[in-house]
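# A structural walkthrough
So you can see what is in the structure, the chains are spelled out below.
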Amino acid sequence: MNEAPSSNNDFLNVQALDPDIFVELRYATENNFTGEKIYNFTTAIARTGTVKKLAAASKLVKEQGFRLKVWDAYRPVAAQKKLFDVYPDPNWVLPPNPNSSHQKGVTFDITLCEPDGTEIPMQSKFDEFGESAKRNYPRKPYQEHNYRILNDAMTAAGFVGYSEEWWDYRDSDMDSYGPASADPNDYQL
Ligand SMILES: C[C@@H](N)C(=O)N[C@H](C)C(=O)O
């Protein structure tokens, strides 16, 4: 397995390459499935190679009059542990592991918005753990239309959608990144 180029390995604020990307980190608030504030930052960061891909996806949706909104990005292992303690089902919340997904900064929980930040209706709410979250859920036509705009842009930009959660997109190069940790508060713009 090739390693990611070192410049891509560093963490970067997701709004550094495209300030039009909305960031509303749900685990920085009590508005998430735990009902608790999980971490102490509101800045979304990811590995630079992954942020470059997100900027490419953002360009694609902006060309169609939409914006991306990030609900979660890099998530420290300690935060993952808090989530897993509340909902210990690996189908919906991965076990704490520094070499995995959000915890190494190569995954986004994301949705599609109007340019004013209004969220576009999708097939379920964020973190609605059930059949309606799954990518093979039989979407209504308007849900399918909205899902396709997001999914086509993210996959064209180099992400792979997690089968169980329509909002979860992982860098297709995720296996080339090793574990790394950072304090998102150090990456404020
Ligand atoms: C908790 C949910 N938003 C999520 O991120 N699930 C995946 C499977 C994960 O824990 O990485």
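Residues numbered from 1 in each chain as written. Predicted model: local features only at pLDDT ≥ 70, side-chain atom pairs only at ≥ 80, totals over all residues. Heavy atoms only, no water.

## Let's talk about the overall build of the chain
Worth spelling out the cut-off: A helix here means a DSSP run of H or I that spans at least four residues, while a strand means a run of E at least two residues long, and both kinds are numbered starting from the N terminus. The globule rule used for comparison is 2.2 Å times the number of residues to the exponent 0.38, while the radius of gyration itself is calculated over C-alpha atoms. Three exposure classes are used, based on accessible area relative to the maximum for each residue type with a 1.4 Å probe and protein chains only: buried under 20%, partly exposed in between, and exposed over 50%. Should any heavy atoms of two residues lie within 4.5 Å, those residues are counted as being in contact. Every accessible area reported is derived by Shrake-Rupley at a probe size of 1.4 Å, with residue values counting cover from the shown protein chains alone. This count recognises Lys and Arg as positive and Asp and Glu as negative, with His and chain-terminal groups excluded. Just so you know, the charge point we use is NZ for Lys, CZ for Arg, CG for Asp and CD for Glu.
In terms of regular secondary structure, the chain is built from four helices and seven strands. In sequence order, the secondary structure elements of the chain are arranged as α-β-β-β-α-β-α-β-α-β-β. By the compact-globule yardstick of 16 Å for 189 residues, the chain fits well, its C-alpha radius of gyration being 15 Å. The buried share of the chain, taken over its 189 residues, is 53%. Across the chain, every contact between residues at least 6 apart in sequence was considered, and the portion connecting residues at least 24 apart equals 73%. By element, 49% of the accessible surface of the chain is carried by carbon and sulfur atoms, the whole surface being about 8,700 Å². Taking the 20 positively charged and 28 negatively charged side chains of the chain as two groups, their mean positions are separated by 2 Å.

## Side note on the sheet that holds strand E4 (residues 67–72)
Which entries qualify depends on this criterion: Only strands joined by at least two bridges in the DSSP assignment are considered to pair. Fitted lines through C-alpha atoms serve as axes, helices being fitted only where they are in contact, and the angles separating the N-to-C directions of these axes extend from 0 to 180 degrees.
An order of E2-E4-E5-E7-E6 is seen for the five strands of this open sheet, with the pairing classed as mixed. Either end of the sheet is taken by a strand with one partner, and the two such strands are strand E2 (22–23) and strand E6 (159–161). Inspection of the sheet shows strand E5 (residues 107–113) paired to strand E7 (residues 168–171) by three bridges, in the antiparallel sense. Following the sheet pairing, Phe108 is matched in E7 by Tyr169. In this fold helix H2 (residues 48–62) packs onto E4, E5, E6 and E7, with an angle of close to 140 degrees to the strand it touches most, E4. Contacts from helix H4 (residues 141–156) reach E4, E5, E6 and E7, with the element oriented near 135 degrees to E5.

## Quick look at the site of the ligand
Let me state the cut-off plainly: For this description, a residue counts as near a given molecule or strand if any of its non-hydrogen atoms is within 4 Å of it. Whenever a nitrogen or oxygen atom comes within 3.5 Å of another N or O atom, the pair is scored as a polar contact, on the condition that within protein one atom can donate a hydrogen and the other can accept it, and that pairs from neighbouring residues in sequence are kept only if both atoms are in side chains. Both cavities and pockets are sets of points on a 1 Å grid over the protein atoms alone; in a cavity a 1.4 Å probe fits but cannot get out, in a pocket the set is open with protein on both sides within 12 Å along at least five of seven lines, and lining residues sit with an atom within 4 Å of a point. In this scheme, a molecule is assigned to a cavity or pocket if more than half of its atoms are within 2 Å of the grid points. Side-chain classes are defined by residue name, with Ala, Val, Leu, Ile, Met, Phe, Trp, Tyr, Cys and Pro counting as nonpolar, Asp, Glu, Lys and Arg as charged, and the others, Gly among them, as polar.
The environment of the ligand is made up of 15 residues, and the closest members are Tyr27, Arg75, Trp92, Leu94 and Asp127. Here an oxygen atom of the ligand and a backbone polar atom of Leu94 are 2.9 Å apart. In this structure, Asp127 approaches the ligand through a side-chain N or O atom, which is 2.8 Å from a nitrogen atom. Because more than half of its atoms lie within 2 Å of the grid, the ligand is assigned to the largest cavity. When the residues that make up the shell around the ligand are grouped by side-chain class, the tally is seven nonpolar, two polar and six charged.

## Re unusual backbone geometry
Phi is positive for Ser101, which is not a glycine, with a value near 40 degrees. With respect to the helices, strands and loops of the structure, Ser101 is situated in the loop between helix H3 (77–86) and E5. A positive phi angle, close to 55 degrees, is found at Asp127, a residue other than glycine.

## With respect to H3
Which entries qualify depends on this criterion: The reported arc concerns the directions from the helix axis to the C-beta atoms and nothing else.
Where H3 is concerned, the buried positions are Ala79, Gln80, Leu83 and Phe84. Axial view of H3: buried residues confined to an arc of 135 degrees, hence all on one face. Opposite the packed face of H3, turned more than 90 degrees from it, sit the exposed residues Ala78 and Asp85.

## Some thoughts on empty space enclosed by the protein
We apply this condition: Grid points are joined across faces, edges and corners, and a volume is the space filled by probe spheres set on the points.
Taken as a whole and assessed by the stated rule, the structure comprises one cavity of 30 Å³ or more. Together, 22 residues line the largest cavity, and Arg75, Trp92, Val93, Leu94 and Glu165 are the ones closest to its centre. Those elements that place two or more of their residues in the lining of the largest cavity are H3 and E7. Residue composition of the lining of the largest cavity, by class: 10 nonpolar, six polar and six charged.

## Observations concerning the pairing of E5
Counting buried positions over the seven residues of E5 gives seven, a clear majority of the element. Side-chain alternation along E5 places Thr107, Asp109, Thr111 and Cys113 on one buried face and Phe108, Ile110 and Leu112 on a second face that is also buried.

## Examining the UniProt feature "site: Transition state stabilizer" (unreviewed entry) in the chain
What counts is decided by this rule: UniProt positions are given in the numbering used here, feature names are shortened, and annotations may be inferred rather than shown by experiment.
With numbering matched to this structure, UniProt assigns "site: Transition state stabilizer" (unreviewed entry) to Arg75. Mapping Arg75 onto the fold places it in the loop between E4 and H3. Owing to a relative accessible area of 5%, Arg75 belongs among the buried residues under this scheme. When residues no more than four places from it in sequence are discounted, the contact partners of Arg75 are Tyr27, Tyr39, Gln80, Leu83, His102, Gln103 and Asp109. Among the polar contacts listed, one links the side chain of Arg75 to the side chain of Asp72, at a separation of 2.7 Å.

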